[in-house]
Amino acid sequence: MEKVNRKSSTRPSVKLADLDFTPVLIALAVVLLTLVVLFLWKRKKTVRSAVLFTGLCDSGKTFLFSNLILGSGRETFTSIKENVGFFKTEKGRELKVVDVPGHERLRGKFFDEYKNAAKAIVYLIDSVTVQKDIRDVADFLYTILADKATAKIPVIILCNKQDETLAKSESAIKSMLEKEMNIVRQTRRSQLKSVDNSSSSEAFLGKSANVDFEFDQVGQRIRFVPCSAKETQYDELTAFLESL
C-alpha cells in the first residue's frame, strides 16, 4: 500500500520548452518601448533651438524682430504674447526667433516658458531712457544671466536707438549696469536668505559678494554692441546669429 501511495503522489516534470513566455516578452517590450518614448520626448523637450529677443517695453524688440524676420520694420505696440518667426542664415539654416513680451507682468512668465529651449539670448536696451529705467533693465538682465537654464548660452546686449542724440554709448551702458547689478545682487541674496532656497533655479552671479560685479566675471559669452533698429544698423546682430 505504501508503494502505491508514493507512486500516485509523484508529479509529472515540466519542461522549460513547454512554458509559454509570450506574456513576459510582451510586458518587457512594453516597458522598453515606454522608456524609449520617454527618452525621446525628454530629449525633444530640451533641444535648444530658439533665439530669445528679450528686454523691457519700448526697447525696440518687436520693431527689430519684424525688420529682421519680415524685412521691414512696422509700427508696434506693447505685446501681450510672444511673436515667433524664422531667420534664415546665409548657409541656409533656419533659426527660430521668439520675441518675448517686455511688459513687467508678462516677461517673467514667457521667459520661463522658453528658457529651456533657448540657444542664445538677445537683450535689447533703449539707449535713450536706460538711465531712467536702469533698475528694471538690470533686474531683468540679472534674472536671465543668473538662471541656471540659460547660464551657458551666449548673450548679445543690443544698445538700441543709437541714431538718437541723447543715446548713451554701449560702454557707458555697460558701466551703469555693472554698478546697478551690484545692488540687484545684494537684494536677491537677502531675499534668498529669508526663504528656503534649496530648490532655487537662480545661481550667484559674479565672483563673490565682496567683489564688485563685472560682466567679465560671468561664465558665458556676453557682448555689448550698438545698434539702431530704425536705421537697420544691426550687422553685429546678424553676424551673431550666423555664428550660432
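Residues numbered from 1 in each chain as written. Predicted model: local features only at pLDDT ≥ 70, side-chain atom pairs only at ≥ 80, totals over all residues. Heavy atoms only, no water.

Across its full length, the protein carries seven helices and six strands. Mapped from its N terminus to its C terminus, the protein presents α and β elements in the order α-α-β-α-β-β-α-β-α-β-α-β-α. Burial statistics for the protein: of 244 residues in total, 37% are counted as buried. Surface accessibility of the protein: about 15,200 Å² in total, with carbon and sulfur atoms responsible for 53%. (Helix = DSSP H or I, 4+ residues; strand = E, 2+ residues; numbered from the N terminus. Buried < 20%, exposed > 50% of the residue type's maximum accessible area, 1.4 Å probe, protein only. Areas by Shrake-Rupley, 256 points an atom, 1.4 Å probe, with all protein chains shown as cover.)

Looking now at the state of the cysteines. Scanning the entire structure with this criterion turns up zero disulfides. In this model Cys 159 remains outside any disulfide bridge; the closest cysteine sulfur is found in Cys 227, 7.7 Å from its own. Relative accessible area serves as the criterion here: at 0%, Cys 159 is assigned to the buried category. (Disulfide = S-S within 2.5 Å.)

Another point: the pattern of salt bridges. Two side chains that carry opposite charge are able to pair once their charged atoms sit near each other. Applying the stated criterion across every chain yields a total of nine salt bridges. Across the pair Lys 115 and Asp 112 runs a salt bridge, and its minimum N-O distance is 3.4 Å. The salt bridge involving Lys 115 is made with Asp 147; its shortest N-O contact spans 2.8 Å. Taken as a pair, Lys 115 in the loop between helix 4 (107-114) and strand 4 (118-126) and Asp 147 in the loop between helix 5 (134-146) and strand 5 (155-160) lie far apart in primary sequence, 32 residues in all. Comparing Lys 115 with Asp 147, the two get one shared label, buried. (Salt bridge = Lys/Arg side-chain N within 4 Å of Asp/Glu carboxyl O.)

Moving on: the side chain of Thr 54. Following the sequence through the fold, Thr 54 ends up in strand 1 (residues 50-55). If sequence neighbours within four positions are ignored, Thr 54 has contacts with Lys 61, Val 100, Ile 121, Val 122, Tyr 123, Leu 124, Phe 140 and Ile 144. (Contact = heavy atoms within 4.5 Å.)

Here we take up the environment of Ala 50. Among the secondary structure elements, Ala 50 is positioned in strand 1. According to the relative accessible area criterion, Ala 50 is buried, its value standing at 3%. Each C-alpha atom of the pair Ala 50 and Leu 95 lies 6.6 Å from the other, and the pair is 45 residues apart in sequence.

Further remarks concern the nonpolar core. Leu 52, Tyr 123, Leu 177, Met 181 and Phe 215 are the most contacted members of the largest nonpolar core, which has 37 residues in total. Of all elements in the fold, only strand 1, helix 4, strand 4, helix 5, strand 5, helix 6 (170-193) and strand 6 (222-226) reach the threshold of two or more residues within this core. Here this core gets nine residues from one element, more than from any other, and that element is helix 5. By size, the runner-up hydrophobic cluster in this structure holds 21 residues, among which are Leu 68, Ile 156, Leu 158 and Leu 244. (Core = buried A, V, L, I, M, F, W, Y, C linked by side-chain atoms within 4.5 Å.)

Phi is positive for Lys 161, which is not a glycine, with a value near 65°. Structurally, Lys 161 can be placed in the loop between strand 5 and helix 6. Of the residues examined, Lys 161 reaches a relative accessible area of 21% and is grouped as partly exposed. A positive phi angle, near 50°, is found at Thr 232, a position not held by glycine. Following the sequence through the fold, Thr 232 ends up in the loop between strand 6 and helix 7 (235-243). Judged by its relative accessible area of 43%, Thr 232 falls in the partly exposed class.

A word on the packing of aromatic side chains. Taken as a whole, this structure holds five aromatic pairs when the rule is applied. Judged by centre distance (6.5 Å) and plane angle (85°), the ring pair of Phe 53 and Phe 65 falls under edge-to-face. Of the two residues, Phe 53 sits in strand 1 while Phe 65 sits in helix 3 (residues 61-70), which places them 12 residues apart along the sequence. Summarising the aromatic geometry, the rings of Phe 213 and Phe 215 are spaced 5.1 Å apart at their centres and angled 75° between planes, so their arrangement reads as edge-to-face. Both residues of the pair, Phe 213 and Phe 215, belong to the buried class. Grouped by ring-pair contacts, the aromatic residues Phe 111, Tyr 123 and Phe 140 constitute a single cluster. (Phe/Tyr/Trp six-rings, centres within 6.5 Å; stacked < 30°, edge-to-face > 60°.)

Strand order in the open sheet formed by six strands is 2-3-1-4-5-6, with mixed pairing between adjacent strands. Pairing within the sheet leaves two strands with one partner each, and these edge strands are strand 2 (83-88) and strand 6. Strand after strand, the sheet turns through a mean of 25° between neighbouring axes, direction not considered. Here strand 4 runs beside strand 5; their pairing, made up of six bridges, is parallel. When the bridges of strand 5 are listed, Ile 121 appears paired with Val 155. (Pairing = 2+ DSSP bridges. Axes fitted to C-alpha atoms, helices over the stretch in contact; angles between N-to-C directions.)

Any functional reading would require information beyond the geometric quantities listed.
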